[in-house]
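Now for the letters of each chain:
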Amino acid sequence: MLMRFYLKFIFILFPVFLCAQTPTVIQKPIIWNAEREQLSLDYLKNRHGIVQQTAIIKPTMVVVHWTANNSVQATFNTFNPVLLPGRPELRKASALNVSSQYVIDRDGTIYQFLPDTVFARHTIGLNYCAIGIENIGGDKYPLTGKQLKANEKLIRYLKSKYPIDFLIGHHEYRAFRKTKYWKETDPEYFTSKSDPGDAFMLKLRENLTDLKLLSL
Ligand SMILES: [Zn+2]
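Description of the structure in this document.

How each quantity is defined
- Residues numbered from 1 in each chain as written.
- Predicted model: local features only at pLDDT ≥ 70, side-chain atom pairs only at ≥ 80, totals over all residues.
- Pairing = 2+ DSSP bridges.
- Helix = DSSP H or I, 4+ residues; strand = E, 2+ residues; numbered from the N terminus.
- Axes fitted to C-alpha atoms, helices over the stretch in contact; angles between N-to-C directions.
- Core = buried A, V, L, I, M, F, W, Y, C linked by C-beta atoms within 7 Å.
- Buried ≥ 20, exposed ≤ 12 C-beta atoms within 10 Å, placed from the backbone.
- Contact = placed C-beta atoms within 7 Å.
- Arc of directions from axis to C-beta.
- Parallel < 35°, antiparallel > 145°, perpendicular 65-115°, else oblique.
- Left-handed = near helix turned anticlockwise from the far one by under 90°.
- Nonpolar A, V, L, I, M, F, W, Y, C, P; charged D, E, K, R; others polar.

### Quick notes on the sheet that holds strand β5 (residues 130-135)
Phase 1 of the analysis: Spatially, six strands are ordered β1-β4-β3-β5-β2-β6 in an open sheet, and the strand pairing comes out mixed. In the strand order of this sheet, the two ends are held by β1 (25-27) and β6 (166-169), each with one partner. Sheet twist, expressed as the mean angle between neighbouring strand axes with direction ignored, is 25°.
Phase 2 of the analysis: Of the pairings in the sheet, the one linking strand β2 (residues 61-66) to β5 comprises six bridges and is parallel in character. Across the sheet, residue Val64 finds its bridge partner in β5, namely Ile133.

So this is what it looks like as structure tokens:
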């Protein structure tokens, strides 16, 4: 009887448990070509002071954002070009366009724009180690409960795959400026951020307490 229970656990319950840990992710890749990789390598070198042969990251942090728009397609259209259009405050630091590895729609659908370990420009000083999760929403479109659940699932999955120590909201990145984790060659290069806000991060951290992720 006991044996039958164990067999039942291994063949029925264990795979169900594993499935629950892996979120459904829709691949929606933005352009990653030789020019984007070169600009990413230049960014790593000039901004972060890191010289590498390939534009990959070793993820130890997740940064949660909101997009300040209301559609995945609009976000895709913003991130897809290799070169940054306009935005002079960012352009003087690098011509590389902004991007993020993940984007979560308002109904909780998770899209992947770049592989987890491919460099994305989303958080000054921390891109070299951070996976970015964008959420469709902003001041006018408060993030949804379904997005909260999807972020939780995705972060649990990322934590199971990489040695993630830190979970922060973009608006909290200022706290890293005086730490060894901050890598930015220009001490004046910094922009003020409010996304995704304390309320969302508080709820997210409550749901992920068991992961013991750090912030500053
Ligand atoms: Zn942001």
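### Quick notes on the nonpolar core
Phase 1 of the analysis: The biggest cluster of nonpolar side chains holds 40 residues, and the ones touching the most others in it are Met61, Val62 and Val63.
Phase 2 of the analysis: Elements that contribute at least two residues to this core include exactly α2 (34-46), β2, α3 (72-79), β3 (102-104), β5, α5 (145-161), β6 and α6 (198-207).
Phase 3 of the analysis: Ignoring sequence-local partners within four residues, the contact set of Val62 consists of Ala130, Ile131, Ile133, Ile155, Leu158, Ile164 and Leu167.

### Some points on α3
Phase 1 of the analysis: Along α3, the residues classified as buried are Val72, Thr75 and Phe79. End-on, the buried residues of α3 take up no more than an arc of 60°, which puts them together on one face. Across α3 from its buried face, at more than 90 degrees, point the exposed residues Gln73, Ala74 and Asn77.
Phase 2 of the analysis: Elements that come into contact with the buried residues of α3 comprise β3, β4 (110-112) and β5.

### Section: the packing of α5 against α6
Phase 1 of the analysis: It is the contact of α5 with α6, at a shortest axis distance of 10 Å, that shows an interaxial angle of 50°. Of the possible angle classes, the one that applies to α5 and α6 is oblique. Crossing angle aside, the handedness with which α5 passes α6 is right-handed. In this structure, α5 contributes Leu148, Asn151 and Glu152 to the contact, and α6 contributes Lys203, Leu204 and Asn207.
Phase 2 of the analysis: Partitioning the contact of α5 with α6 into residue classes produces two nonpolar, two polar and two charged.

### Remarks on the environment of Leu154
Phase 1 of the analysis: Among the structural elements, Leu154 can be located in helix α5.
Phase 2 of the analysis: On a C-alpha basis, the gap between Leu154 and Thr24 in space is 9.0 Å, while along the polypeptide they are 130 residues apart.
Phase 3 of the analysis: Excluding residues within four positions of it along the chain, Leu154 makes contact with Pro23, Tyr102, Ile110 and Ile133.

### What about unusual backbone geometry?
Phase 1 of the analysis: Following Asp195, the chain continues into Pro196 via a peptide bond in cis, with omega recorded as -10°.
Phase 2 of the analysis: In this structure, Pro196 sits in the loop between β6 and α6.
Phase 3 of the analysis: Even without a glycine there, the phi angle at Arg87 is positive, about 45°.
Phase 4 of the analysis: Residue position: Arg87 is located in the loop between α3 and α4 (88-91).
Phase 5 of the analysis: The exposure class assigned to Arg87 is exposed, which follows from the 12 C-beta atoms found within 10 Å.
Phase 6 of the analysis: Positioned with a positive phi, Lys212 is a non-glycine residue whose angle comes to about 55°.
Phase 7 of the analysis: Mapped onto the elements, Lys212 comes out in the segment after α6.

### Section: the pairing of β2
Phase 1 of the analysis: The element β2 is extensively covered by neighbouring structure, given that six of its six residues are classed as buried.
Phase 2 of the analysis: Where burial is concerned, the two faces of β2 agree: the one with Met61, Val63 and His65 and the one with Val62, Val64 and Trp66 are both buried.
Phase 3 of the analysis: The pairing of β2 with β6 spans four bridges and is classified as parallel. By the bridge assignment for β6, Val63 is matched with Ile168.

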